[in-house]
Number of protein chains: 2
Amino acid sequence: MRIKAVIAYDGTGYGGSQIQANAPTIQAELEQALARLTGVAIRIAASGRTDAGVHADGQVIAFDTEWAHTLVDLRRGMNALLPKQIAVFELQEVEPGFHPRYDATSRSYRYRIYRGAMRHPFYERYSIHVPQALDLEAMTCATRCLIGRHDYLAFGSPPQGRNSVREVIRAEWTYREPWLTFDVEANAFLYRMVRMFVGTLLRVGTGRVTPEQFKEILETRDRQRAGPAIAAKGLCLRSVTYTKV
Amino acid sequence: MRIKAVIAYDGTGYGGSQIQANAPTIQAELEQALARLTGVAIRIAASGRTDAGVHADGQVIAFDTEWAHTLVDLRRGMNALLPKQIAVFELQEVEPGFHPRYDATSRSYRYRIYRGAMRHPFYERYSIHVPQALDLEAMTCATRCLIGRHDYLAFGSPPQGRNSVREVIRAEWTYREPWLTFDVEANAFLYRMVRMFVGTLLRVGTGRVTPEQFKEILETRDRQRAGPAIAAKGLCLRSVTYTKV
């Protein structure tokens, strides 16, 4: 049977979500846990890869298994075997053809910025610290032009040979002292796209880029003019939506 | 001049707040940063020691220095040199005789329990996960007998040769889903006292100890009947109060 799972992970110290030779990955940890539980090698698929250091509390994966016990047992077993940095929240049986990446209709990410005067050790892992003055109105204004169907080449790279047109459904800043939060939802994202959005929008906040220039960067698709990608540690994949499941 | 500092630290991976030979400590990190900044060895004193793995976001320390620049500069320098797990929030010049331990009138600690159905990777460092049913009413009832001036020998060890009478000013549970929080303030604490309180009160919550038995444990000062100390990682020193400063 095919299983869909909603998982969470602390990406600190992991070389991203996708298996690679030279760093521990979320995928490798999950596949190891499943192999130990079921006795057979199981390959998992995810809704998309997350970069090294990026966190998730709503990543979706899927895999095939001949597990003979309940899904509650499977979840308990996985959570017992997985390291503390990874947890399985929900398991659900789905159609055999379900694919967490191709069937996903949108992904939502959150980026967190801590605005306290001093850096705080407790917030170190899941946010970046920006105590400087920021023009939130300018940032909000610039953010508006991101919404809709656009070619986002200025803000990230598509997979090899693919196009860079995506549809941003929602992009907004919320400030609840001392937290400044950027929430963005799109049908899909280019590599580093959210971190490039935030890096460039912080330049708008500090006055180095005007909202008009920000719009030009999007329109001219000029990566050179976009800000650098902001640190991975403030980023979290919050949810993936599906119509079918 | 004598400086009072309010500091925060993530105690994970530290062998406690106080210098010891075989583990990195908060005190050693602070003294190294001060030595590098000022060029002279500086010994710091703290309001009290915190055990290995215990966090703080309101620990108070003091030290003497001939620092010639502003306190804002000193704080900036310390925060630049200290590891990300330690931060200095406030610096203040105080009377030469000020001692953060002997002049303290009370200490406040918080213990955090995560009640979500599944463990969550993001909450791993600063709380423990207790999904089981708990009788909060019984726990609250038992907690009441802790308040006042008592001999708390059942719940901790005094420094060698000293007595174990302390005064608990406040002790209360707050539940705001999914967080169960224990706040306790006392003039001073025995070693492990908060963690022994919480460990034993969780036994009340699960019905293994009645509130009446809990009161007996306090009165008979019988450590054998008290619960084990709960994990350090959920504990945080929140503040230290002084009348003089």
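Quantities reported herein were computed from a predicted structural model and do not represent experimental measurements. (Residues numbered from 1 in each chain as written. Chains lettered and ligands numbered in written order. Predicted model: local features only at pLDDT ≥ 70, side-chain atom pairs only at ≥ 80, totals over all residues. Heavy atoms only, no water.)

Asker: Looking at this structure, I do not really get the relation of the copies chain B and chain A. What am I missing?
Answerer: Mapping one chain copy onto the other needs a rotation about an axis and a shift along that axis. The transform that puts chain B on chain A rotates by 180° and translates by 0.0 Å along the axis, for an RMSD of 0.0 Å. These values place the two chain copies in the arrangement generated by a two-fold rotation axis. No C-alpha of chain B approaches the rotation axis more nearly than that of R125 of chain B, which lies at 5.1 Å. The fraction of interface residues of chain B whose copies in chain A are also interface residues reaches 100%, indicating that both copies meet through the same surface. (Least-squares fit on C-alpha atoms with pLDDT ≥ 70 in both. Contact = heavy atoms within 4.5 Å.)

Asker: In this structure, what is going on with the domain arrangement of chain A? I would like to understand it.
Answerer: Much of the literature gives interface size as the accessible area that the parts lose upon coming together. Residues and elements named next belong to chain A. Domain assignment breaks chain A into domain 1 (2-94) and domain 2 (106-242). One C-alpha centre belongs to domain 1, the other to domain 2; they are set 27 Å apart. Counting residues at the interface gives 16 residues for domain 1, matched by 16 residues for domain 2. The contact between domain 1 and domain 2 buries some 1,300 Å² in all, and 50% of this surface belongs to carbon and sulfur atoms. For the pair domain 1 and domain 2, the number of links is three salt bridges. The salt bridge involving D51 is made with R195; its shortest N-O contact spans 3.5 Å. Between domain 1 and domain 2 we count ten residue pairs in polar contact (both at pLDDT 80 or more) in total. Broken down by class, the residue content of the side of domain 1 that touches domain 2 amounts to four nonpolar, seven polar and five charged. (Domains from an automatic or database assignment. Buried area = accessible area lost by both parts, 1.4 Å probe. Salt bridge = Lys/Arg side-chain N within 4 Å of Asp/Glu carboxyl O. Polar contact = N/O pair within 3.5 Å; in protein donor to acceptor, adjacent residues only side chain to side chain. Nonpolar A, V, L, I, M, F, W, Y, C, P; charged D, E, K, R; others polar.)

Asker: I tried to follow the pattern of salt bridges on my own but got confused; where do I start?
Answerer: Two side chains with opposite charge may pair up if their charged atoms get near one another. Residue and element names in this part refer to chain A. Counted according to the given criterion, the structure contains 25 salt bridges over all chains. D183 serves as the salt-bridge partner of R110, at 2.8 Å between the closest nitrogen and oxygen. Of the two residues, R110 sits in strand β5 (residues 104-114) while D183 sits in strand β9 (residues 179-186), which places them 73 residues apart along the sequence. Given a relative accessible area of 25%, R110 falls into the partly exposed group. Several salt bridges share partner residues, and in doing so they unite R49, D51 and R195 into one network. (Helix = DSSP H or I, 4+ residues; strand = E, 2+ residues; numbered from the N terminus. Buried < 20%, exposed > 50% of the residue type's maximum accessible area, 1.4 Å probe, protein only.)

Asker: Quick question: what am I supposed to make of unusual backbone geometry here?
Answerer: Phi is mostly negative for residues that are not glycine, and the peptide bonds are mostly trans. Omega for the peptide link from E177 of chain A to P178 of chain A comes to 0°, which places this bond in the cis form. We note that R221 of chain A has phi near 55°; this positive angle belongs to a residue other than glycine. As for its placement among the helices and strands, R221 of chain A is situated in the loop between α5 (211-220) and β10 (235-242). Here R221 of chain A falls in the partly exposed class, since its relative accessible area comes to 40%. Unlike most non-glycine residues, R192 of chain B shows phi in positive territory, near 70°. With respect to the secondary-structure elements, R192 of chain B resides in the loop between β9 (179-186) and α4 (193-205). Under the relative-accessibility criterion, R192 of chain B is labelled partly exposed at 46%.

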